[in-house]
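For reference, the chains in residue letters:
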Amino acid sequence: MSSRAHGGAWVLAIAAWLVPASAAGGTRRTTVFLDFGGGPIGPGDDSSQGTATCVPEPFVYPIFLGSDRAAEIALGEAQRLVAPFGVRVVAQRPPPHLPYTHVRVGGDPVTLGLDAKLNGLACDVDCGDASHRDTVFMFSEKWIVTAALPELAEDERALQVGRIAMHEAGHAWGLEHAGGTGSVMSRFPSVGTPEFVEGCLGLDIDLDASECGGEREQFCPAGQQDAFAELRGLFGAGERDVEPPHAAILWPPDGHVMRPGEVLVVEVEVADDHEGFGWMLEVPELGWEHLGREPDPAGLELVVPEGRWTLRLEAIDHDRNVGEAAVTIEARWPREPEPDPDVPSPQAACACRGAGSGASAWWAMLVAAARWRRRPVSRGPRADRGSSRP
Ligand SMILES: [Zn+2]
């Protein structure tokens, strides 16, 4: 009997066990997704899954109410601000295996039950950018209520949308408030043409001391911040990366034959010239994929039903260079099973029993592995107050 006759009882099971052959050198890079499209959000710590640490319960985040032109201006301003760094800003959703900082652009502070004076929110100041999958908020309805504003007024406001979005992303990378109106990390919305300022600026903080003292004091005396140097330290310079990541499937070999239900340990190797790249392993025929998470696993356990399947590995960097590898495997029973006690008959090895419980166990392991990942200590939301401007 084909395993598929069991009504889809087969589940692909995967467990990440080992620590990696993934060796990446060089400065890490990252991507910022300016998300004007609204959509579901809930509690959690993974931007690619639509979750944020300071969202208590699921709801639908509102869309951006400005025009397409305003969104383009905001995007352009955000890209200008991080051009000196290895940071890419996009308005299209990145693939989920690429780690990114998610900026929800839309709504107002009341959307999150916050003080109406706020322009944006970062769930916390993520010192040293420990989490690569933060979500932050830019409350654009305070700036662009509708797309029907006169064009010039909207253009100016759209620049502020881009600046506040990157200010909040700055918090998600560990930056605190510092400097005056020429600094993107100023407590208040900037005037003129602000930057992530190079040179030490006095911190403008509510607490007695910097939240990220250790990281900060590599660059400046206590009580000061060099936003430019910190972002260069995290992400390097902004030149385009043209080197695709390395992706190889070390096991199984192409054409590998196995029995349905047999545990296959897949070994993959991924690397890139910059850290921060993403990777995934998929079985496209089954619509199944495993997204790489840190620490990158080198050993993946897989159980497939009877049939021919593709294992496809993809690694992608922040300039969207892609490295890939694929092998075909076949899971089938021996053509004429011998009455050998070591060889289970198809019935005896039926997927619905053998794989059912096994799959549950493997998923449990995967969940356990996920729980080992700890967020850095959250010091509470970083809320940004508005100025006298609207
Ligand atoms: Zn702020």
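Quantities reported herein were computed from a predicted structural model and do not represent experimental measurements. One numbering rule holds for all chains: residues counted from 1, following each sequence as written. Local features are withheld for residues below a pLDDT of 70 in this predicted model, meaning they are given only at 70 or higher, and side-chain atom pairs are given and counted only at 80 or more; totals for whole chains, interfaces and linings count all residues.

Draft legend 1. Quick peek at the overall build of the protein chain. A helix here means a DSSP run of H or I that spans at least four residues, while a strand means a run of E at least two residues long, and both kinds are numbered starting from the N terminus. On a plain count of helices and strands, the protein chain comes out with five helices and 19 strands. Burial is judged by counting other C-beta atoms within 10 Å of a residue's own C-beta: 20 or more means buried, 12 or fewer means exposed, and anything between counts as partly exposed, with every C-beta placed from the backbone. Out of the 390 residues belonging to the protein chain, those deemed buried represent 42%. Contact criterion: two residues are in contact if their C-beta atoms, reconstructed from the backbone, are within 7 Å. In the protein chain, once contacts between residues fewer than 6 apart in sequence are set aside, the share between residues at least 24 apart is 74%.

Draft legend 2. Expanded view of the sheet that holds strand β15 (residues 288-291). Only strands that DSSP links by at least two bridges are regarded as paired with each other. Across the sheet, which stays open at both edges, the five strands sit in the order β12-β18-β17-β14-β15 with mixed pairing between neighbours. The open sheet terminates on both sides in strands that have one partner only, identified here as β12 (256-258) and β15. If you compare each strand with its neighbour and ignore which way they point, the axes differ by 20° on average. Note on method: axes are straight lines fitted to C-alpha atoms, helices fitted across the in-contact stretch only, with angles between N-to-C directions ranging 0 to 180 degrees.

Draft legend 3. Fine view of the environment of Phe-277. The topology assignment puts Phe-277 in the loop between β13 (264-271) and β14 (278-283). What makes Phe-277 buried here is the crowd of 31 C-beta atoms within 10 Å. Sequence separation between Phe-277 and Thr-31 is 246 residues, and the spatial gap between their C-alpha atoms is 9.9 Å.

Draft legend 4. Broad picture of the environment of Thr-193. With respect to the helices and strands, the residue Thr-193 is situated in the loop between α2 (151-172) and β9 (201-202). In this structure Thr-193 comes out as exposed when scored by C-beta crowding, with 11 C-beta atoms within 10 Å. Separated by 112 residues in the primary sequence, Thr-193 and Leu-81 place their C-alpha atoms 9.5 Å from one another.

Draft legend 5. Representation of helix α4 (residues 227-235) within the structure. Of all the positions in α4, only Ala-227, Glu-230, Leu-231, Leu-234 and Phe-235 are classed as buried. Looking down the long axis of α4, one finds its buried residues gathered within 105° of arc, a one-sided arrangement. Just downstream of α4 lies Gly-236, where phi reads positive at about 70°. This arc corresponds to the set of directions leading from the helix axis out to the C-beta atoms.

Draft legend 6. Broad picture of the nonpolar core. Think of a nonpolar core as buried Ala, Val, Leu, Ile, Met, Phe, Trp, Tyr and Cys residues chained together by C-beta atoms that fall within 7 Å. By size, the foremost hydrophobic cluster in this structure holds 77 residues, and its most contacted members are Val-32, Leu-34, Ala-74, Ala-78, Val-103, Val-161 and Ala-165. Split by domain, this core shows at least three residues from each of two domains, domain 1 (30-235) and domain 2 (246-331). If near-sequence neighbours (up to four positions away) are discounted, Leu-34 is found in contact with Ala-74, Leu-75, Ala-78, Val-89, Ala-91, Val-103, Val-105 and Ala-165. The domain boundaries here were taken from an automatic or database domain assignment.

Draft legend 7. Geometry of helix α1 (residues 68-82). Helix span, as expected, comes to 1.5 Å for every residue beyond the first. Counted at 1.5 Å a residue, the expected span for α1 with its 15 residues is 21 Å, and the 22 Å between its end C-alpha atoms agrees. Every buried residue belonging to α1 is among Ala-70, Ala-71, Ile-73, Ala-74, Leu-75, Glu-77, Ala-78, Leu-81 and Val-82, and all of these are buried. If you follow the buried residues of α1, they end up packed against β1 (30-35), β5 (87-90) and α2.

Draft legend 8. Spotlight on the packing of α1 against α2. Two elements in contact, α1 and α2, have axes separated by 7 Å at closest approach and are oriented at 45°. When the axis of α1 is compared with that of α2, the two are oblique. Two packed elements cross with a definite hand, and for α1 against α2 that hand is right-handed. Side by side, α1 and α2 meet where Ala-70, Ile-73, Ala-74, Leu-75, Glu-77, Ala-78, Leu-81 and Val-82 of the first sit next to Glu-154, Asp-155, Ala-158, Leu-159, Val-161, Gly-162, Arg-163, Ala-165 and Met-166 of the second. Angle categories: roughly parallel below 35 degrees, roughly antiparallel above 145, roughly perpendicular from 65 to 115, and oblique for all the rest. Left-handed is the label given to a crossing in which the near helix is rotated counterclockwise from the far helix by less than a right angle, and right-handed is the label when the rotation is clockwise.

Draft legend 9. Region of the structure containing the confidence of the model for the protein chain. pLDDT expresses how confident the predictor is about each individual residue, on a scale running from 0 to 100. Confidence in the prediction of the protein chain, expressed as mean pLDDT, is 81, and 76% of residues score 70 or more. Between residues 1-25, whose pLDDT stays under 50, and residues either more than four places distant or in other chains, the model counts 68 contacts. Taken together, the stretch residues 386-390 has pLDDT below 50 and engages in eight contacts with residues farther than four places along the chain or on a different chain.

Draft legend 10. The sheet that holds strand β4 (residues 59-61), seen in detail. Pairing within the open sheet is mixed, and its three strands lie in the order β3-β2-β4. Two strands bound the open sheet, and with one partner strand each, they are β3 (51-52) and β4. Looking at chain direction, strand β2 (residues 39-43) and β3 are connected through two bridges and run parallel. Bridge pairing links Gly-42 to Thr-51 in β3.

Draft legend 11. Region of the structure containing unusual backbone geometry. Cis geometry is found at the peptide bond from Trp-251 to Pro-252, where omega equals 5°. With respect to the helices and strands, the residue Pro-252 is situated in the loop between β11 (246-251) and β12. Phi at Arg-320 is positive, roughly 65°, even though this residue is not glycine. Position of Arg-320 among the secondary structure elements: in the loop between β17 (307-316) and β18 (322-331).

Draft legend 12. The arrangement of the environment of Ala-71 in detail. Topologically, Ala-71 is positioned in helix α1. When the 22 C-beta atoms within 10 Å are taken as the criterion, Ala-71 is described as buried. Residues Ala-71 and Leu-159 lie 88 residues apart in sequence; the distance between their C-alpha atoms is 9.3 Å.

Draft legend 13. Here's a closer look at the pairing of β17. In terms of strand pairing, β14 meets β17 through five bridges, oriented antiparallel. Directly across from Met-280, in β17, lies its bridge partner Glu-314. Sheet analysis places β17 next to β18, joined by 10 bridges and oriented antiparallel. Across the sheet, the residue bridging to Ala-315 is Gly-323, located in β18.

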